[in-house]
Each structure stands twice: as structure tokens, then as C-alpha cells.
Amino acid sequence: MAALQVRGLIFPSSSSSSQGYQRVRALLRVPVDLGRLGVSLPKLPQIAKRQEGRISLGELDKIDADSSRSPAPAMADELVLSKMYAVLEAIADRAEMHAIIGEQRNNWNHLFTSSVNSITLAASLMAGVASISAAGDPLAFKVSSAILFAAAAGIMMITSKIQPSQLAEEQRNATRLWRQLGRSIETSLGHRFPTDRDVSEAVEKMLALEKAYPLPLVPGMLEKFPAVVEPTRWWPKIQPKRSRATRAGNGWSKDLEEEMKGALRVLKVKDEEEYIKLSNLALNVNKALATAGPLLACAAAMSSGLIGSPALGPLPAFVSVVGGVLAATVNTLEHGGQVGMVLELFRNCAGFYRRLQEEIESNLEEEEADRREKGEVFEMKIALQLGRSVSELRELAAYASPSREDEDIKECAGKLF
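Residues numbered from 1 in each chain as written. Predicted model: local features only at pLDDT ≥ 70, side-chain atom pairs only at ≥ 80, totals over all residues. Heavy atoms only, no water.

As annotated in an unreviewed UniProt entry, the chain is F-box protein from Zingiber officinale.

Structure (C-alpha cells):
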């Protein structure tokens, strides 16, 4: 069969069109790197006898026999490539899902905030009208005010529990990380064929992302008021990216190791700790606002039912009106100010610096430099992720020398945020 194909290429039939012949010639001129594609072709034997550029039938049969003995393209590469493309499709789908849900939960935050404020202020107005004796029988206003205050308190408790602004920030960050993962896989596919290890690592990263940023609210929603604030973790255990060493030491030197150790020290002492402190502060503020809003609304609801009581005088009306206004103010500060989003943002920043620490540690713990990521590339990558140039990163490492105490380190490693 191969011999017939070769004959077809060498001896084009007279009935074939000139256009088809030109297409074949154009295809033969295209430079194709068959070695990169994993395809090996048999070498054509030296042809001693040629008659007007024609190959004898015996030589064609010999070529056909050689091609049948040559190894076929490895099907394993095609299988691994298919798996990697399946992973890419799943990643693109996850990114789209998180983007849609993030927009939905952001709309929740705006709708709940405006609705609760409208209900609370309307209830306060009704309580004020009910307290005016000239309004006649205030029963309808009292009941309406109590119902609206009770509804506002219930909605406040729900929104304080789920924190829509924090949910939206989770999905926004998840969308960015899913797209980043997809781009990194596409970049690696542009340089080489994937391996089984690449597929396994991609799946592990997907599972870690799904655990860090779950889609459903119930069950699986992240705790919005944790006892201990921890940096967000969206990555599996980091393994150093092994690269083929092009020279001795793979670009690593004693100075570069000391530079990485200095940057690692500043990341631990300053950057991560700073964002953990800010996260705790935002958490405490959010807890206070989440508790105060429903309590004020409940107090206003109970007081509105006591309006007109001779024993209490004007106090119930005062508590109802003022409590409702304060409840609306607290709700605006909590959800309009998006305190939950700020908390999640700080946790993500702390997680970003924790990931850089683990990436540096994974390379430094590898004793053989040839098994690490290339030194110059790794140095530039860390510098860029910190918002610094390579020279600034070296200055930072000199600043965090071992002779300096941890308390004396005032400069942060990251300049992006």
C-alpha cells in the first residue's frame, strides 16, 4: 500500500489536474519538524539506478518493507494530548461558570442592600406617623411598621450569614485563577508535548481550585466568620519545575540562594503577617456590623408595637424611628461598604504571598541544582510577581541580611499590593 502511495506521488497520473499537482508541491515545500511531532519516517535507500528520474519497482518494494518495520507514531502521546485538551475544556467551562455566578452574587449584594434600606426607612416613617396622635387610630401603622422591621431583621440575618459581597469576591478571584491556569497550560503546550505528569498536575490544580472556591452555597460554602483567619490556599503541594540544565549549576549560585532566602524571610515576617493582621481587623469589624444590624431592627420592631402605650410615653416611638435609621446605616456600612469583600481580598493577598514562599522553599529544598527551575528565570519570575525588578529584588535580599533582626524589617517584599 505504501508503495502505491509513493508511486502516486512520483508518477502523477495524466488525468490529475494541474491544481492538485501544484498543491502537492506546495505541501512538500512546508518545513515540518517531524521529530517534534513524535513521528519517525524510514530513511530512503540510496538509489543507484535511475532512469529519467524514475524509481524501479524493486526499490519501491524495499521502501515498503522498511516502512512496515519502522515504529509507528506513539499513540501514548496522542492519548496524553487528548487528556490535556479535555482538561483545558473543563478549565474554560469552570472559568465561565464562576464568572456568571460572581456577577449574580454581586447583583445580590446590591439588591439586598437597597431593599433592606428601603424597608427599614419605610418602617421608621410608619412608626413616626403612628406616634402622632392627630393621625387617628395608629393600629395600621403600628402593625405595618412592626412587620417591615421584622422582615428587615430577617433579611439582615441572612445577608450577614452568607455575605454576598464576599461571595462575589470569591468568584471573581476564582475566575481569574481558572483563566490563569488555562493560559499556563496553553503556554506549556506551545513549547512541548504534555506528559502524564503534566496531566496529573493540571488535575491536582483543578481540584485545589474547586476546594478553595466552591460554587454551591449549601453545602460547601466557605465559613464567613472563622475562628482563626488563614490565608486562602488554591494550589496543591508545589513541586519544582525541573528543566534541562544548559550549563553547570543550572543558573543557580550561592549568591542567588542567599537572595532567595532573604526574599523568603521578608515574605514571612512582613507581607503575610501584615495581611493576616488586616484580615483579623476586617473580620472583627464585620462581626460587629453583622450583629448590630439585626439587633437594631429587632428592637425597632418590638418598640413599634408598643407605640401609644401610656406607661412608656414617647419612648417606643423614639426607639422605633432611631433604631430603624441606625439599622439602615449599619446595613449600608456592612454591605454597601463590602466589608466581607475586603476580608476576602486580604485573605487572598496573604495566600498569594504564602504561595510565593512555598515556591521558593520547594526550589531551595532541592539539593541538586540541576533538578530545580532555571535560576535566572526563577529569579526574574519572583521579582515580577513581587512588582520589582531583578536589581530591586537583590537589594531587598541585602536589606534582609541575617544580621538584621525580624523586628527591624520594615519594608515589605511586595510592591503590587
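Once the structure has been displayed, the description carries forward.
J.: Is there a simple way to think about the packing of aromatic side chains in this case?
T.: Scanning the model with the defined rule gives five aromatic pairs in all. Measuring from ring centre to ring centre gives 6.0 Å for tyrosine 275 and tyrosine 353, while their planes differ by 25°; the resulting arrangement is stacked. Separated by 78 residues along the polypeptide, tyrosine 275 in helix H9 (residues 254–304) and tyrosine 353 in helix H11 (residues 339–365) bring together distant segments of the chain. The exposure classification of tyrosine 275 matches that of tyrosine 353, with both residues buried. On the basis of an interplanar angle of 75° and a centroid distance of 5.4 Å, the ring pair of phenylalanine 352 and tyrosine 353 is categorised as edge-to-face. (Phe/Tyr/Trp six-rings, centres within 6.5 Å; stacked < 30°, edge-to-face > 60°. Helix = DSSP H or I, 4+ residues; strand = E, 2+ residues; numbered from the N terminus. Buried < 20%, exposed > 50% of the residue type's maximum accessible area, 1.4 Å probe, protein only.)

J.: Where do I start with unusual backbone geometry in this structure?
T.: With the exception of glycine, the majority of residues adopt a negative phi angle, and the majority of peptide bonds are in the trans configuration. Phi at glutamine 163 is positive, roughly 55°, even though this residue is not glycine. Within the secondary structure layout, glutamine 163 lies in the loop between helix H6 (139–162) and helix H7 (164–189). On the basis of relative accessibility, which here comes to 0%, the residue glutamine 163 falls in the buried class.

J.: Hey, could you run me through a nonpolar patch on the surface in this one?
T.: A cluster of nonpolar side chains, Leu306, Leu312, Leu315, Phe318, Val322 and Leu326, forms an exposed patch at the surface whose accessible area comes to about 530 Å². Mapped onto the elements of the fold, leucine 312 is located in the loop between H9 and helix H10 (315–336). (Patch = residues over 30% accessible without salt bridge, like charges linked within 9 Å, V, L, I, M, F, W, Y side chains within 5 Å. Areas by Shrake-Rupley, 256 points an atom, 1.4 Å probe, with all protein chains shown as cover. Salt bridge = Lys/Arg side-chain N within 4 Å of Asp/Glu carboxyl O.)

J.: Is there a simple way to explain H11 in this structure?
T.: The α-helix winds at 3.6 residues per turn, so residues separated by three or four positions along the chain end up facing the same way. Relative to the 39 Å expected for 27 residues at 1.5 Å per residue, H11 spans 39 Å between its end C-alpha atoms, a close match to the ideal helical length. Burial analysis of H11 places 21 of its 27 residues in the buried class, which makes it a mostly covered element. (Expected span 1.5 Å × (residues − 1).)

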